[in-house]
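If you want the building blocks of each chain, they are given just below.
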Protein chains: 2
Amino acid sequence: MSNKALEYVGSRISAENLTGFCARVMQAFGLSADHARQTAEVLVTTDTWGTHSHGTRQLLPLMHNVRKGGLFADAEPQVLTDGPGFAVVDGNYAMPMVTSRFAMQAAMDKARTAGIAYSAVRHSGHFGAAGYYAVMAAEHDMIGISMTNADICMTVPGARSSVMGTNPIAYAVPAGKERPVFLDIATSVVAISKVIAAKTAGKPIPEGWLVDERGLPTTSTDTYPDKGAVLPMAGHKGYGLALLVEILTGVLTGASFLSGIKRWLAPEPEPADEGHAFLAVNVESLMPLDQFKSRMDAMIDEVRSAPKAEGSDRIYLPGEMEWERRDAALRDGLQLPDYVLINLFAVAEQTEKTDELIALLKKE
Amino acid sequence: MSNKALEYVGSRISAENLTGFCARVMQAFGLSADHARQTAEVLVTTDTWGTHSHGTRQLLPLMHNVRKGGLFADAEPQVLTDGPGFAVVDGNYAMPMVTSRFAMQAAMDKARTAGIAYSAVRHSGHFGAAGYYAVMAAEHDMIGISMTNADICMTVPGARSSVMGTNPIAYAVPAGKERPVFLDIATSVVAISKVIAAKTAGKPIPEGWLVDERGLPTTSTDTYPDKGAVLPMAGHKGYGLALLVEILTGVLTGASFLSGIKRWLAPEPEPADEGHAFLAVNVESLMPLDQFKSRMDAMIDEVRSAPKAEGSDRIYLPGEMEWERRDAALRDGLQLPDYVLINLFAVAEQTEKTDELIALLKKE
């Protein structure tokens, strides 16, 4: 089976076919055509940016959650309370991508009148790449900011074990001639996937990534992830920012926080109760849109034109690499890494329509 | 003169006397009693937190700006346009502390109805410690976030020279039995004052703080600040967050941005045109206040109770050190470092009431 998947390594699959495949898989697990399509759109867009750790690779664990009761295929998100500039959304353990699109859309709708709006989401799960929802706002001439908490795996200064999640923050800002400025980062010093990759390759990691079971810096991954924890970026600064994310996404939303969050990748997942926060700023409320966009272009141009460091021939704006990868992926098709392909075949094999589904993944 | 200042080293001055001194000095430079009192309150509060780099030490350069036309003693901030969840404020180069309090108050007033609100400030200058304005919100049961851009001194990945300011972010969140969680950080890897302190002491700096004039990492401060630049925290992550601050405080507010900002510490300062952003979230719009505060207390307790790393006997919440220093300062008086005292005497000596003013600084 994984042999069959590996025949696809190096091949190109169009974003359209990959989206169709993912949507049909999810329908086979009981999702509505609409929810399946929305979720597939988030996952495939993430792959086009080259962020394969958070793209269609996640279809397998997401559907595992649907099978085991961590998520509910037929649930719908709903607004619990709202006001001129805010909405509190109950995700009801629907697909977190559907809930997150719904919540960011609610923030954008309110921001159009209020200038700025915040959506607070409870009863959700792993929502994929935070950046997707920020970019939704930028595509409608708004500034988007999105965040989530997550199950604990990160320590804090003075502690020896996991206290918080890697609590990502993403933002996107529209420009004029330029593409949106776009950042999506974990507040940990490094993505967990990079630690696991070093462990798999049997390589040491740089000092500053992990602490061991005594809470001391280590360059060994021998006992990770059973013992030890990843560190926040930039010491107390990253710790403080991660805690702000925890407050805005967990404490203020009514979701779980810190150790209260269930692990969505557990063998027998329960509803995770992650919380999310989405912020939209309607640029036109504050400044004529053309003026803002010209100012963004000028800012981008100034950063890009700065004198280069020795050995550097280009300064990238946040998101620039992702947009270039996306252009190539939409033009030439997606080349998916082996671990993604293996997941895609594995999830198709859990349905009764394996061959029919895999046929949708046709090579370009 | 500085001899006289140094007689005060080790002495304690009450926060009340220090505030009175600062206010009277500013009145001698032409500020109204109200603006002088507001500005003194910001500077002295900052000293009580132990953040002396941004406290009353700044009275001297602020008054230099008033004398030279970088700030206007008789100007008032005004709201240019507003809506349910936002206000655009023109600082008119009034005292930036007065403008910033005004703008955060406007955001708080709007957030009471809208749930969340954003104040965008243009035509301002150096506003001191970002944290002061965030704490204003927390004292009124709101979450406060404040940011500013600043004159360029920080490079970005791939560049060899200064591209951005150290663009600080601060936040404060009210709790129940616990003190507000409170963070105030520059997005640079280290405060410029620490680089200068190492240079003054003739000590090398750790790798990762500065690049030299070729844009390469250096541990030498020999040619700084004439050449080279400080690095963002956490590499591309800090760069990306600093750029978000630049957009929210500079591009979106109508203030200057990047190299357009004038240096407020220049010998002949012009209006700096820094921009600020203030965000207030009215907790009670989203959740009963008691419930939120209990949840904050529970979160704080969980972080603080985590198993300690070897060699660590305590985990600090963001702001906890500052609140403890403030308690001690209000109880025992402030012990100001020599460089602060020298500045206080120097600014008093630029007035015609030197002795009368210095008499206000009486030791406890």
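Residues numbered from 1 in each chain as written. Chains lettered and ligands numbered in written order. Predicted model: local features only at pLDDT ≥ 70, side-chain atom pairs only at ≥ 80, totals over all residues. Heavy atoms only, no water.

A count of helical and extended segments in chain A gives 13 helices and 10 strands. Relative to its length of 364 residues, chain A is compact, with a C-alpha radius of gyration of 21 Å against a globular reference of 21 Å. Principal-axis analysis of the C-alpha atoms places the extent of chain A at approximately 55 × 50 × 50 Å. A buried classification covers 60% of the 364 residues belonging to chain A. Within chain A, residue pairs in contact and separated by at least 24 positions form 67% of the contacts whose partners lie at least 6 positions apart. Only carbon and sulfur atoms are counted for the fraction: they give 50% of the accessible area of chain A, which is about 13500 Å². Of the side chains in chain A, 33 bear a positive and 43 a negative charge, and the two mean positions are spaced by 2 Å. (Helix = DSSP H or I, 4+ residues; strand = E, 2+ residues; numbered from the N terminus. Rg over C-alpha atoms; globule rule 2.2 N^0.38 Å. Buried < 20%, exposed > 50% of the residue type's maximum accessible area, 1.4 Å probe, protein only. Contact = heavy atoms within 4.5 Å. Areas by Shrake-Rupley, 256 points an atom, 1.4 Å probe, with all protein chains shown as cover. Lys, Arg positive; Asp, Glu negative; His and termini not counted. Charge placed at Lys NZ, Arg CZ, Asp CG, Glu CD.)

Taken residue by residue, the interface counts 77 residues in chain A and 77 residues in chain B. Both sides of the chain A and chain B interface together cover about 6200 Å² of buried area, and 73% of this is carbon and sulfur. Broken down residue by residue, the surface that chain A buries against chain B is led by Lys237(A), Leu252(A) and Leu286(A), which jointly contribute 11%. Applying the counting criterion to the chain A and chain B interface returns zero salt bridges. If you look at where chain A meets chain B, you find 28 residue pairs in polar contact (both at pLDDT 80 or more). Its residues assigned to classes, the side of chain A that touches chain B comprises 53 nonpolar, 15 polar and nine charged. (Buried area = accessible area lost by both parts, 1.4 Å probe. Salt bridge = Lys/Arg side-chain N within 4 Å of Asp/Glu carboxyl O. Polar contact = N/O pair within 3.5 Å; in protein donor to acceptor, adjacent residues only side chain to side chain. Nonpolar A, V, L, I, M, F, W, Y, C, P; charged D, E, K, R; others polar.)

Residues and elements named next belong to chain B. At a minimum axis distance of 8 Å, the contact between helix α4 (residues 59-68) and helix α12 (residues 338-349) shows a crossing angle of 30 degrees. Classed by the angle they form, the pair α4 and α12 counts as roughly parallel. On α12, the residues that touch Leu 59, Leu 60, Pro 61 and Met 63 of α4 are Asn 343, Leu 344, Ala 346 and Val 347. (Axes fitted to C-alpha atoms, helices over the stretch in contact; angles between N-to-C directions. Parallel < 35°, antiparallel > 145°, perpendicular 65-115°, else oblique.)

Counting 112 residues, the largest nonpolar core has Ile247(A), Phe292(A), Ile247(B) and Phe292(B) as its most contacted members. Once you skip the residues sitting within four places of it in the chain, Phe292(B) turns out to touch Ile247(A), Val251(A), Leu252(A), Ile143(B), Val173(B), Pro174(B), Val283(B) and Met287(B). (Core = buried A, V, L, I, M, F, W, Y, C linked by side-chain atoms within 4.5 Å.)

Here we come to the packing of helix α3 (residues 33-48) of chain A against helix α5 (residues 96-114) of chain A. Residues and elements named next belong to chain A. At a minimum axis distance of 8 Å, the contact between α3 and α5 shows a crossing angle of 85 degrees. In this view, α3 runs roughly perpendicular relative to α5, as classed from their interaxial angle. Between α3 and α5, the contacting residues are His 35, Gln 38, Thr 39, Glu 41, Val 42 and Leu 43 on the first element and Met 97, Val 98 and Arg 101 on the second. Among the residues forming the contact of α3 with α5, the class breakdown is four nonpolar, three polar and two charged.

Each of the two chain copies can be brought onto the other by rotation about an axis and movement along it. Once chain A is rotated about the relating axis by 180 degrees and shifted along it by 0.0 Å, it coincides with chain B to within an RMSD of 0.0 Å. Read as a symmetry element, the transformation amounts to a two-fold axis. Among all residues of chain A, the minimum C-alpha distance to the rotation axis is found for Ala234(A), at 2.7 Å. A shared binding surface is used by both copies, with 100% of the interface residues of chain A retained as interface residues in chain B. (Least-squares fit on C-alpha atoms with pLDDT ≥ 70 in both.)

Put simply, an interface is often sized by how much accessible area is lost when its parts join up. Residue and element names in this part refer to chain A. Taken as a whole, chain A is organised into domain 1 (10-68 + 336-359), domain 2 (78-187 + 232-285) and domain 3 (190-230). A straight line from the C-alpha centre of domain 1 to that of domain 2 covers 23 Å. Taken together, the contacts link 20 residues of domain 1 with 18 residues of domain 2. Both faces combined, the contact of domain 1 with domain 2 buries some 1700 Å², and carbon together with sulfur accounts for 71% of it. Contact with domain 2 buries area across many residues of domain 1, yet Gln 38, Val 42 and Trp 49 alone supply 31% of it, more than any other trio. (Domains from an automatic or database assignment.)

Let us now look at the packing of aromatic side chains. Residue and element names in this part refer to chain A. In the structure shown here, the tally under the stated rule is 18 aromatic pairs over all chains. Residues Trp 49 and Phe 182 carry aromatic rings whose centres are separated by 4.7 Å and whose planes lie at 50 degrees to one another, so their mutual orientation is tilted. One end of the pair, Trp 49, is in the loop between α3 and α4 (59-68); the other, Phe 182, is in strand β6 (residues 181-185), and 133 residues separate them in sequence. Each member of the pair, Trp 49 as well as Phe 182, is classed as buried. Here the basic side chain of Lys 363 rests over the ring of Tyr 8, its NZ or CZ set 4.8 Å away from the ring centre. (Phe/Tyr/Trp six-rings, centres within 6.5 Å; stacked < 30°, edge-to-face > 60°. Lys NZ or Arg CZ within 6 Å of the ring centre and 35° of its normal.)

The pairing of strands in a sheet comes from backbone hydrogen bonds and takes either a parallel or an antiparallel form. Residue and element names in this part refer to chain A. Across the sheet, which stays open at both edges, the three strands sit in the order β8-β7-β9 with antiparallel pairing between neighbours. In this open sheet, the two strands that pair with only one neighbour each are β8 (217-218) and β9 (229-230). The pairing of strand β7 (residues 210-211) with β8 spans two bridges and is classified as antiparallel. In the sheet register, Val 211 faces β8, and the bridge partner there is Pro 217. (Pairing = 2+ DSSP bridges.)

Let us look at a nonpolar patch on the surface. Side chains of Leu6(A), Val9(A) and Ile342(A) sit close together on the surface and give an oily, nonpolar patch of about 220 Å² of accessible area. Judged by relative accessible area, Leu6(A) falls into the partly exposed class, the value being 39%. (Patch = residues over 30% accessible without salt bridge, like charges linked within 9 Å, V, L, I, M, F, W, Y side chains within 5 Å.)

The next thing to look at is the pairing of β6(A). Residue and element names in this part refer to chain A. Most of β6 is tucked away: four of the five residues are buried. Pairing of strand β5 (residues 169-173) with β6, which is carried by five bridges, proceeds in the antiparallel orientation. Looking across to β6, one finds that Ile 169 is bridged to Ile 185.

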